[in-house]
Amino acid sequence: MRKNAVPLSLRVPEPPARPGDKPDFSHLRLDAPGAVERPDVAAAPETMREHAFRLIRVLDDEGRAVGPWDPKLDPETLRQGLRDMVLTRTFDDRMHRAHRQGKTSFYMKCTGEEAIACAQAKVFSREDMGFPTYRQQGLLIARGYPLATMMNQIYSNAADPIKGRQLPIMYSSKEFGFFTISGNLGTQYPQAVGWAMASAYKGDDKIAVAWIGDGATAEGDFHNALTFAGVYRAPVVLNIVNNQWAISSFQGIAGGMETTFASKAIGYGLPALRVDGNDFLAVWAASQWAAERARSNLGATVIELVTYRAAQHSTSDDPSRYRPGDEWDHWPLGDPVARLKQHLIALGEWDEDRHAEAEKAAVEQVRAAAKESEAIGTLGQSRPSVKTMFEEVFASEDWRLREQRQQVGV
Amino acid sequence: MASMNMIQALNSALDAKMSEDPNVLSFGEDAGYFGGVFRVTDQLQQKHGLTRSFDAPIAEGGIAAAAIGMGVYGLRPVIEMQFADYIYPAYDQLVSEAAKIRYRSGGEFTVPITVRSPYGGGIFGGQTHSQSPESLFTHIAGLKVVIPSNPYDAKGLLIAAIEDDNPVIFFEPKRIYNGPFDGWHEKPVSPWTGHPLAEVPEGKYVEPLGKARIMREGADVTILAYGTMVWVALAGAEHAGVDAEVIDLRSLVPLDIQAIEASVKKTGRCVIVHEAPRTSGYGAELSALVQERCFHHLEAPIARVTGWDIPYPHAFEWEYFPGPQRVADALKQTMEG
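Calculation rules
- Residues numbered from 1 in each chain as written.
- Chains lettered and ligands numbered in written order.
- Predicted model: local features only at pLDDT ≥ 70, side-chain atom pairs only at ≥ 80, totals over all residues.
- Heavy atoms only, no water.
- Patch = residues over 30% accessible without salt bridge, like charges linked within 9 Å, V, L, I, M, F, W, Y side chains within 5 Å.
- Areas by Shrake-Rupley, 256 points an atom, 1.4 Å probe, with all protein chains shown as cover.
- Salt bridge = Lys/Arg side-chain N within 4 Å of Asp/Glu carboxyl O.
- Helix = DSSP H or I, 4+ residues; strand = E, 2+ residues; numbered from the N terminus.
- Buried < 20%, exposed > 50% of the residue type's maximum accessible area, 1.4 Å probe, protein only.
- Core = buried A, V, L, I, M, F, W, Y, C linked by side-chain atoms within 4.5 Å.
- Contact = heavy atoms within 4.5 Å.
- Phe/Tyr/Trp six-rings, centres within 6.5 Å; stacked < 30°, edge-to-face > 60°.
- Pairing = 2+ DSSP bridges.
- Right-handed = clockwise from strand over helix to strand, strands pointing away.
- Buried area = accessible area lost by both parts, 1.4 Å probe.
- Polar contact = N/O pair within 3.5 Å; in protein donor to acceptor, adjacent residues only side chain to side chain.
- Nonpolar A, V, L, I, M, F, W, Y, C, P; charged D, E, K, R; others polar.

**Focus: a nonpolar patch on the surface**
Residue and element names in this part refer to chain A.
Now for step 1: A cluster of nonpolar residues, Phe228, Val231 and Tyr232, forms a patch on the protein surface that exposes about 330 Å² of accessible area.
Now for step 2: When you line up the elements, Val231 lands in helix H6 (residues 220–231).
Now for step 3: A relative accessible area of 58% places Val231 in the exposed class.

Below, the structure written as C-alpha cells:
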C-alpha cells in the first residue's frame, strides 16, 4: 500500500482581495507598452506561443503610441473611437438609471470595457457576423445602430424589433452583423465557428467574430469552438473578454491563476494574442492582425482582451458583497476612455473643451433617443400585440398554437 | 420553530445536513463566498469552510460530473444549477450517467447527489431565466424529481433528498422564495411571515419523498399541482367558488399515486396545473395515470391548465403564466362537463 507523504487536501482558489481588503493585481502578467513583437500574420502557431503569455500594449503612460503594434490610425478615426466609447458609457448610465426608475426589468453596463467593442466594431465589418455576449453593446453603438431602437428592445415596447420576447439588452440585428444574444453562456462561440465554416464552404469573403467572458471559457462550448476552429481552419476571430469577474467569481475560478486564457489556444494548435483590452489601439491592432489572418484563409485566432468589469454584473447584482469597492481605482490598465483621450491630447488632436463638448453631445443624443423611445412606452406601458407571442415558434403555426392563441382570445 | 422564507428554510436544511454529516458539501456558480445569486447558500462557506461550500466554474456539465464522481466516492454533494434554464449542458451527465450508474454497474456504484435549481417564471426573467424543465427529468428512469411549495416542505424535502441514495433533481420555485404568490400579479404579494407553513423547526427533520400534501380538502374536483402552481390552484378554486381538493404533489418521482387515486375517486373530476408548456409536460403523464386508474369514476374529461407551447416571452409573462383566472375557467368547465 502506497503512503502519501502528506494527506491529500482539496484546493479551492480564492481571489487576492475581498471587501475591506486592499486591492491586489500583482498576479497579473504585464508587459511594457511596445515590448511585444508583431509576428507575420502567416506565422505558424507554434512559433508564436509566447504571445499567449505576453501583453500587447500600444499606449504608454504618457499617452504615446509605441512599438510594432501601433496601428497608426488617423486622428479622425481616433476621435470617432473616443466619441463612440463616450456614447456607449453615456447610454449605459442612462439605461441603468431607467431601470432604477422602474422603466425596465433589467440592464447590463459595459463600463471599463468600451474599447473592445468600439474598436472591433470598426475593424470587422457588419457583413462579417458577430456572435456577441451581453456586454458588447458598443458594437451596435459604434456602428450607428439607432439608440432608440436599442431602448425599444430594453423597454419591450411596441417598436421592439424582437417583439418583447427577450430579456432587455438581448439585441439582435442581422443588418448590423449582430447575432441574436442568448442568455445561456458560451453557446454562441462554437456557432460562430460553424458560421465561419459555412463562409469557407461557400468560398465567401466573410469572417465570423465571437466573444465570450473569462468565466464562460469553462463551458464545454468554448472547447468545442476551439476544437472545430482548429480542425477546420475556420475563418473566425475568437475573443475572450477577461474582465476579471464572472458575477461574484474571480477569474481564478475559471482557471485564470493557472495560466492565461489566451494560452488555452495552444492545446488546440491555434495562434493566440493576449492584449491590453483597455488600450483602444492595441485592441484595434490585434483584431486587425486576426482579421487579416482569417481573410487570408489561415484560420482562427484566439484573442484574450484583458480588462476590468467596472460596474456590477447586472442590475440584479451587488459587487460590494464580494470585491473591494475601490478595486477599479487600482486596476493597472486604467480606463479606456481616459487613455484614448490622453493619447489624442498628446497628439494635439483633442483638448478638455472638446471632450466636454463630446460628453455633452452624447448626453443630448441619448436624451433624444430616450424621448423618442419613451414616447412609444416603457416596460408595461406599451408592447407588441399579444398575438405575436405565438408567432415564429415555427415557420408556420400548427394546430396547437392556433388553439392556444384562440384560448387567449387573440 | 422560527419563521422562515423558502430561501432561509433551504439554507437551514443545508446547514443542518452539513453540520451533521461531513460527507455533505455544496458547490455551484457564485454559490460559495457570495452565497448564491438567490442567497440559498449564504454563509455556508463562512461557517463550514472553503472546501464545503465553494464556487464552481461556469460549466454545468462539469459541476454535475464532478458531483457524480464525488457521489461515487461516497460523498453526498449538493450542487446548485444557478437557473434551471442553465441545466442543459449538464443534461448528458445527469441523464446518461447519474441516472444509470447504479443500474449499469449492477448496483456496485451509486450516485447519491442532489441537484438544486431555481425554476419557473413570473419574475420578468425572459426565456432564459423562467423555464420549468421538470418533465425532461421525470422522463428519465433513475432520477427522482422533487418540487416543494413552501418553506416547511422545502427544508424537510431537501434533507430527504440529500439523505436519499439516488440522484435527486430538486427544483425550487423561485417565484415563491419570498412569499406564497397566488398568480394575481397586480395585487401586492404577501411575504411568508406569519404563514403556518413558514413555521420551520430549527433542527433537522425529514419530509419523505413520494408523499403528497393535501393543501385543501374538497368534494367537487381534484386539482393536482406542484411548486408555485399550488398557490395559483388554491386562488383559482377560490375565485371559481368551487369546493376543490388541492393536492400538492411535492415529489413527481416518486409519485404519491394513492393520494391522487383516492381524491379523484372521491371527487370524480380532475384538473392538472403546471407552468411548463403543455406538450409532453408532466400533466400529460398525470392525465394518463388518472385516466388509467380512475376512468370509471370520472364525470368529466381531465383538464390541463399549463403554459403555452412557446418560449417564455418577456413582455407577455402574464399571458403565458397559467394564472388563477385560467384555473377558475378550467374548474368551471370541468364542473359543467
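**Considerations on the nonpolar core**
Now for step 1: By size, the foremost hydrophobic cluster in this structure holds 76 residues, and its most contacted members are Phe91(A), Ile169(A), Tyr171(A) and Phe280(A).
Now for step 2: In terms of residues, this core owes the most to one element, helix H7 (residues 280–295) of chain A, which gives 11 residues.
Now for step 3: Beyond its immediate sequence surroundings of up to four residues, Ile169(A) is in contact with Phe106(A), Tyr107(A), Met108(A), Tyr134(A), Gln153(A), Ile154(A) and Ile181(A).
Now for step 4: Counting 65 residues, the second-largest nonpolar core is a separate cluster that includes Phe390(A), Ile7(B), Leu158(B) and Trp231(B).

**Comments concerning the environment of Ile257(B)**
Now for step 1: Examined against the element boundaries, Ile257(B) turns out to sit in helix H9 (residues 257–267).
Now for step 2: Each C-alpha atom of the pair Ile257(B) and Arg293(B) lies 9.5 Å from the other, and the pair is 36 residues apart in sequence.

**A word on the environment of Pro57(B)**
Now for step 1: Tracing the sequence through the fold places Pro57(B) in the loop between strand E3 (53–55) and helix H3 (60–73).
Now for step 2: When the C-alpha positions of Pro57(B) and Asp30(B) are compared, they lie 8.8 Å apart, and in sequence the two are 27 residues distant.
Now for step 3: Not counting chain neighbours up to four residues away, the residues in contact with Pro57(B) comprise Ala218(A), Ile253(A), Glu29(B) and Ile63(B).

**With respect to the packing of aromatic side chains**
Residue and element names in this part refer to chain A.
Now for step 1: Counted under the stated rule, the structure contains 26 aromatic pairs over all chains.
Now for step 2: Taking the centre distance of 5.5 Å and the plane angle of 45° together, the rings of Trp245 and Tyr322 count as tilted. Residue Trp245 is located in strand E4 (residues 245–246), and its partner Tyr322 is located in the loop between strand E7 (301–306) and helix H8 (336–346); the two are separated by 77 residues in the primary sequence. A single burial state applies to Trp245 and to Tyr322, both of which are buried.

**Let's talk about the pairing of strand E13 (residues 270–277) of chain B**
All names here are of chain B.
Now for step 1: For E13, a buried count of seven out of eight residues is recorded, marking the element as mostly surrounded by other parts of the structure.
Now for step 2: Note: strand E10 (residues 221–225) against E13, three bridges, orientation parallel. Of the residues in E13, the one forming a bridge with Ile223 is Val271.
Now for step 3: Direction of pairing for E13 relative to strand E14 (residues 303–307): parallel, over a ladder of four bridges. Residue Ile272 lies in a different strand from E14, and its bridge partner there is Arg304.
Now for step 4: Handedness of the E13-helix H10 (residues 282–294)-E14 crossover: right-handed.

**Quick word on the environment of Trp184(B)**
Residue and element names in this part refer to chain B.
Now for step 1: In this structure, Trp184 sits in the loop between strand E7 (168–173) and strand E8 (199–200).
Now for step 2: A relative accessible area of 23% means that Trp184 is categorised as partly exposed.
Now for step 3: Filtering out sequence-adjacent residues up to four positions away, Trp184 remains in contact with Ala235, His239, Pro324 and Gln325.

**Side note on the interface of chain A and chain B**
Now for step 1: Listed per partner, the contact involves 43 residues of chain A and 37 residues of chain B.
Now for step 2: Across the chain A/chain B interface, buried area totals approximately 3,500 Å², and carbon plus sulfur atoms make up 62% of it.
Now for step 3: Where chain A touches chain B, the interface holds 14 residue pairs in polar contact (both at pLDDT 80 or more).
Now for step 4: The leading source of residues in the side of chain A that touches chain B is helix H10 (residues 399–408) of chain A, at five residues.
Now for step 5: Grouping the constituent residues of the side of chain A that touches chain B by class yields 20 nonpolar, 13 polar and 10 charged.

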